[in-house]
Amino acid sequence: MTQSPWQHNRSAGVADDIDFEIKGQELQFVEIELDPGESAVAEAGAFVWKDALIGMTTVFGDGSGDAGGGFMGKLLGAGKRLVTGESLFTTVFTHNGTGKARVAFAAPTPGAILPIKLSDLGGTLICQKDAFLAAAKGVSIGIAFQRRVMTGLFGGEGFIMQKLDGDGWVFVQMGGTVVERILQPGEQLHVDTGCLAAYTPSVDFDLVTAGGVRSVLFGGEGLFFARLTGPGKVWIQSLPFSRLAGRMLAAAGGRGSNRGEGSVLGGLGDLIGGND
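Thresholds, definitions, all that
- Residues numbered from 1 in each chain as written.
- Predicted model: local features only at pLDDT ≥ 70, side-chain atom pairs only at ≥ 80, totals over all residues.
- Heavy atoms only, no water.
- Pairing = 2+ DSSP bridges.
- Helix = DSSP H or I, 4+ residues; strand = E, 2+ residues; numbered from the N terminus.
- Axes fitted to C-alpha atoms, helices over the stretch in contact; angles between N-to-C directions.
- Core = buried A, V, L, I, M, F, W, Y, C linked by side-chain atoms within 4.5 Å.
- Buried < 20%, exposed > 50% of the residue type's maximum accessible area, 1.4 Å probe, protein only.
- Contact = heavy atoms within 4.5 Å.
- Salt bridge = Lys/Arg side-chain N within 4 Å of Asp/Glu carboxyl O.
- Phe/Tyr/Trp six-rings, centres within 6.5 Å; stacked < 30°, edge-to-face > 60°.

**Notes on the sheet that holds strand β16 (residues 188-191)**
Either a parallel or an antiparallel arrangement is found when strands of a sheet pair, and the pairing is made through backbone hydrogen bonds. What the three strands build is an open sheet, ordered β16-β19-β18; its pairing is antiparallel. For this open sheet the edge positions go to β16 and β18 (204-209), each flanked by a neighbour on one side alone. Averaged over all pairs of adjacent strands, the angle between their axes in this sheet comes to 30°, without regard to strand direction. Pairing geometry for β18 and strand β19 (residues 224-229), over six bridges, is antiparallel. Residue pairing in the sheet places Asp206 in a bridge with Arg227 of β19.

Okay, structure coming up:
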């Protein structure tokens, strides 16, 4: 029987390899199997269930066990997480018994949990600031700022992103349906900044105007698109959480974003578009 792409069995002789299985369709959770002494780190609030042999400890920072950094190193790591909008703390789950034991973590929004082996990507993945869900212990969670001035001013959700470093498995959560694109050298792709879920560091991130004045005023897609230039891999999500939250707020009678979420006309654009 062919193994599911959402399931992985440990490779012999690979110390940081872990067994896992992702279950569900639109509301997924990942089930990780640990050997004695092995640990997994997860975002605060992602925990679903665990075997009793697995201990749970809340740590300051990303739980990567940075040696030599001392308190200041942990403080810097926690500060980086705070900048990306995450909690100052993460939770480490360690198998303290014998045999096999399992722990499960769930994504908080409808979408997909994507398993990625960082060593297959050169050791680094850049993703949306709320994308990290869980990982094998040892993965470092940092920040990736866009260096260009225009990108920093108008990049929106794409300005401050998470940078995951290491060589083990990470599990990132993405909204809606996820598409992976492999860009060849010089190949370009235009993506809504909120729909850009993750990319490899070899991909160049920049902004390009969405079009003329009419498109900016009435198109509802904002002023800029993310322009991604290869080579490298790009992951695109069809439903970023900010868009989902905006639609829910709008449906509840608030001032959330809807079909004109990027329009500079705001409420007037809603009236023109027939959304109120």
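**As for the nonpolar core**
Ranked by internal contacts, the top residues of the largest apolar core, which has 21 residues, are Val30, Ile32, Phe105 and Phe171. If you list the elements that add at least two residues to this core, you get β2 (19-23), β3 (29-34), β4 (39-43), β8 (101-106), β11 (132-136) and β14 (169-175). Non-local contacts of Ile32, meaning those with residues more than four positions away in its chain, are made with Ile18, Asp19, Phe20, Ala40, Ala101, Arg102, Val103, Phe105 and Phe171.

**Overview of the sheet that holds β11**
With respect to topology, six strands assemble into an open sheet ordered β6-β7-β4-β11-β14-β9, the strand pairing being antiparallel. The open sheet has two edge strands, β6 (54-60) and β9 (111-117), and neither has a second partner. Strand-to-strand, the axes of this sheet are offset by a mean angle of 20°, without reference to chain direction.

**Let's talk about the pattern of salt bridges**
Per the stated rule, a full pass over the model turns up eight salt bridges. Across the pair Lys23 and Glu31 runs a salt bridge, and its minimum N-O distance is 3.4 Å. For Glu31, a relative accessible area of 8% puts it in the buried group. Lys100 is the salt-bridge partner of Glu33, the closest N and O atoms lying 3.9 Å from each other. Placement of Glu33 in strand β3 and of Lys100 in the loop between β7 (89-95) and β8 is noted, with a sequence separation of 67 residues between them. Under the relative-accessibility criterion, Glu33 is labelled buried at 14%. The exposure class of Lys100 is partly exposed, given its relative accessible area of 47%. Each of the salt bridges in this network shares a partner with another, and the network as a whole consists of Lys23, Glu31, Glu33, Asp35, Lys100 and Arg102.

**Re unusual backbone geometry**
Trans peptide bonds make up the majority, and among non-glycine residues the majority have a negative phi. A cis amide bond links Gly230 to the next residue, Pro231, at an omega of 15°. Along the chain, Pro231 turns up in the loop between β19 and β20 (232-237).

**Comments concerning the pairing of strand β10 (residues 124-127)**
Residues Thr124 and Ile126 point to one face of β10 and Leu125 and Cys127 to the other, with burial holding for every one of them. Examined bridge by bridge, β10 and strand β13 (residues 160-165) share four bridges and lie antiparallel to one another. Across the sheet, residue Leu125 finds its bridge partner in β13, namely Leu164. Where β10 and strand β17 (residues 196-199) come together, two bridges link them in antiparallel fashion. Bridge pairing links Cys127 to Ala198 in β17.

**Remarks on the packing of aromatic side chains**
Under the definition given, this model contains five aromatic pairs. Centroid distance Phe20 to Phe171: 5.0 Å. Interplanar angle 80°. Geometry classified as edge-to-face. With Phe20 in strand β2 and Phe171 in strand β14, the pair connects residues that are 151 residues apart, well separated along the chain. The same class applies to Phe20 as to Phe171, namely buried. With a centroid separation of 5.4 Å and an interplanar angle of 20°, the aromatic rings of Phe47 and Phe93 are classed as stacked. Note that Phe47 is positioned in strand β5 (residues 47-50) and Phe93 in strand β7, a separation of 46 residues in sequence. For Phe93, a relative accessible area of 1% puts it in the buried group. Here the aromatic cluster, defined as three or more aromatic residues joined through ring pairs, consists of Phe20, Trp169 and Phe171.

**A look at the side chain of Gln162**
Turning to its location among the elements, Gln162 is positioned in strand β13. A relative accessible area of 0% means that Gln162 is categorised as buried.

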